[in-house]
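Structure at a glance
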Amino acid sequence: MIRIANLDFTYRGGDFRLAIDDLVIEDGTTAAVVGPSGSGKTTWLHLLAGILVPDAGSIVVNDVEVSGLGDRRRREFRIRQIGMVFQEFELLDHLSVLDNILLPYRITPALDLEEQVRVRARDLAERVGLGDKVRRPPRRLSQGERQRVGVCRALLPDPPLLFADEPTGNLDPETSDRVLDLLFDYAGERGATLLTVTHDHSRLDRFDRVLDAGPWGRRP
Ligand code: ADP
Ligand code: MG
């Protein structure tokens, strides 16, 4: 369960403020996060993931008070609990598809890169239709294929929470559906919580809940 209470956050040196009095998201919920550009959707996801730290209030994720953890524990929490899919894919072009999927394991001591992880990475690539492309660099993939690499990377540690920040923002409708299917299939099978920022109002009925970020952002 995600529980937010009396949350208050302002960027240092910035003027954007995000405030939420009370918000609960039950385990296994699929939620779309909507709201105009600049309303604080990315900021909100980063607060939940422990990338940003609130000035006041609490964020509890699966019984962990994220806002109360020190830097190192907060990073570990994020690595183990949260799979993040980015709008801009965030793939490294000097690494192969397979190594991009394995990236979290290569850069963090909190995760062990055992043989079974490599096997699972290949299985995931296979499942999303990239089985024959794992040796390629991302630049030799289509946009949709690149985003599928991003999804595989997010799913590899088997996270109970999956966050996707406009994951289909750069994709055509058919490819968007394919990427959304992957996120929903995972959430359904794993019983994971799925939070997806989206501007695509034609697909909102796929989600259990729609959260409007509009009222969260304030300008002092
Ligand atoms: P959204 O994802 O809904 O488009 P964001 O959460 O990215 O909105 O941004 C919300 C507001 O915070 C915007 O006005 C943006 O300019 C501002 N903002 C984002 N990142 C920073 C930062 N690092 N420092 C200062 N202001 C920021
Ligand atoms: Mg954003």
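Residues numbered from 1 in each chain as written. Chains lettered and ligands numbered in written order. Predicted model: local features only at pLDDT ≥ 70, side-chain atom pairs only at ≥ 80, totals over all residues. Heavy atoms only, no water.

**Comments concerning the overall build of the protein**
Per the secondary structure count, the protein includes seven helices and 10 strands. For the protein, the C-alpha radius of gyration of 17 Å lies close to 17 Å, the compact-globule estimate for 220 residues. A buried classification covers 53% of the 220 residues belonging to the protein. Roughly 10500 Å² of accessible area belongs to the protein as shown, and the carbon and sulfur atoms make up 44% of that amount. (Helix = DSSP H or I, 4+ residues; strand = E, 2+ residues; numbered from the N terminus. Rg over C-alpha atoms; globule rule 2.2 N^0.38 Å. Buried < 20%, exposed > 50% of the residue type's maximum accessible area, 1.4 Å probe, protein only. Areas by Shrake-Rupley, 256 points an atom, 1.4 Å probe, with all protein chains shown as cover.)

**Things to note about the sheet that holds strand 4 (residues 56-61)**
Here five strands make up an open sheet; going across it, the order is 5-4-1-2-10 and the pairing antiparallel. Edge positions in the sheet fall to strand 5 (64-65) and strand 10 (217-218), since each has one partner strand and no second. Pairing analysis gives five bridges linking strand 1 (residues 2-10) to strand 4, with the strands arranged antiparallel. The residue bridging Ile 2 from the neighbouring strand is Val 61, located in strand 4. (Pairing = 2+ DSSP bridges.)

**Things to note about the pattern of salt bridges**
A full pass over the atoms with the stated rule returns 12 salt bridges. Across the salt bridge formed by Arg 17 and Asp 8, the nearest N and O atoms sit 2.7 Å from each other. The partly exposed category is assigned to Arg 17, whose relative accessible area is 27%. Arg 203 serves as the salt-bridge partner of Asp 200, at 2.2 Å between the closest nitrogen and oxygen. (Salt bridge = Lys/Arg side-chain N within 4 Å of Asp/Glu carboxyl O.)

**A look at the sheet that holds strand 7 (residues 161-165)**
Strand order in the open sheet formed by five strands is 6-7-8-3-9, with parallel pairing between adjacent strands. On the outer flanks of this sheet lie strand 6 (82-85) and strand 9 (209-212), each paired with one strand and no other. When the angles between neighbouring strand axes are averaged without regard to direction, this sheet yields 20°. As defined by bridge partners, strand 3 (residues 30-34) adjoins strand 9 across four bridges and the pair is classed as parallel. Its bridge partner lying in strand 9, Ala 31 is registered against Arg 209. Across the face of the sheet, helix 2 (residues 71-81) comes into contact with strand 6 and strand 7 while running at roughly 75° to strand 6. Strands in contact with helix 6 (residues 143-155) are strand 6 and strand 7; relative to strand 6, the strand with the most contacts, it is inclined by about 170°. (Axes fitted to C-alpha atoms, helices over the stretch in contact; angles between N-to-C directions. Contact = heavy atoms within 4.5 Å.)

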